[in-house]
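Geometric and topological summary
Residue strings, one per chain:
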Amino acid sequence: CMGLNNIPMLNSDIVTGISLMLMFIAFGISLGFKTILFAHITFNVPYVILSVMPKLKQTSRNTYEAAMDLGAGPLQAFFKVVFPDIMPGVLSGFLMAFTMSLDDFIITHFTRGAGINTLSTLIYSEVRRGTKPSMYALSTVIFVAVLALLLISNFAPKKKQEA
């Protein structure tokens, strides 16, 4: 099953984009936002799995079962016990998937319909015609936001864990 996880990672973006486009056309699905969303989910799920799986293997099954024994339901035990343990993996998987999805031009180019633009396709089309000053402003905002998040995450006071 984990072998299937590696297929989208080993294929190049252009192979994945063209094959998804051909699949959508073969099933009669019109290209648009739904196809972009499905393509990006297909492309990013393996990276999220590879981020979450090690954290999931580090967790002890006994804590989940102990929560169930103490009266928690399955959902409550998951969200109160397991989810906080795997949260760093979930967060890193989310950030990686978001960044890759924001940046991925090839898959979006082949699976988008007419009139649909994402940031990567907009930048690509503007580079050919000439970049607008608003694109420079957007790039500055994104850069400052990422820099602020990095500074906050690296220099924020750490909570001491009680033993």
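Here, residues in each chain are numbered from 1, in the same order as that chain's written sequence. The predicted origin of the model limits local features to residues at a pLDDT of at least 70 and limits the giving and counting of side-chain atom pairs to 80 or more, whereas totals for whole chains, interfaces and linings rest on all residues. Here the side-chain values reflect all heavy atoms present in the structure, with hydrogen atoms and water set aside.

Notes on helix 5 (residues 74-103)
The end-to-end C-alpha distance of helix 5 is 37 Å, clearly below the 44 Å that 30 residues give at a rise of 1.5 Å each. The reported bend at a residue is simply the angle between two axes, fitted to the 7 residues ending at it and to the 7 residues beginning with it. We count a stretch as a helix when DSSP gives it H or I for four or more residues in a row; a strand needs E for two or more, and each element gets its number in order from the N terminus. For helix 5, the principal kink sits at F83 and spans about 55 degrees; a proline, P84, occurs within the next four residues. A simple rule labels every residue: compare its accessible area, found with a 1.4 Å probe on the protein chains alone, to the largest value its type can have, and call it buried under 20%, exposed over 50%, or partly exposed in between. Residues A77, V82, I86, G89, G93 and A97 constitute the buried set of helix 5. The span you would expect from a helix comes to 1.5 Å times its residue count less one.

A few points about the nonpolar core
Inside soluble globular proteins, nonpolar side chains tend to come together where they are buried. Buried Ala, Val, Leu, Ile, Met, Phe, Trp, Tyr and Cys residues that are joined via side-chain atoms within 4.5 Å together make up what is termed a nonpolar core. Residues L20, F24, A39, F43, Y47 and I107 constitute the largest nonpolar core, which totals 6 residues. Mapped onto this core, the elements with two or more residues apiece are helix 2 (13-26) and helix 3 (33-58). When residues of this core are assigned to their parent elements, the largest contribution, 3 residues, is made by helix 3. Setting aside anything within four residues of it in sequence, one finds L20 in contact with F38, A39 and T111. We call two residues contacting when some pair of their heavy atoms lies within 4.5 Å.

Quick word on a nonpolar patch on the surface
For patches, a residue must show more than 30% relative accessible area and have no salt bridge; joins then use 9 Å for like charges and 5 Å for nonpolar side chains, namely Val, Leu, Ile, Met, Phe, Trp and Tyr. To be clear on the numbers: accessible area is Shrake-Rupley with a 1.4 Å probe, and residue cover counts the displayed protein chains and nothing else. What makes a salt bridge here is a side-chain nitrogen of Lys or Arg within 4 Å of a carboxyl oxygen of Asp or Glu, nothing more. Taken together, L91, F94, L95, F98 and L102 make up a surface patch of nonpolar side chains, about 480 Å² in accessible area. Along the chain, the position of L102 falls in helix 5. Classification of L102 as partly exposed rests on a relative accessible area of 38%.

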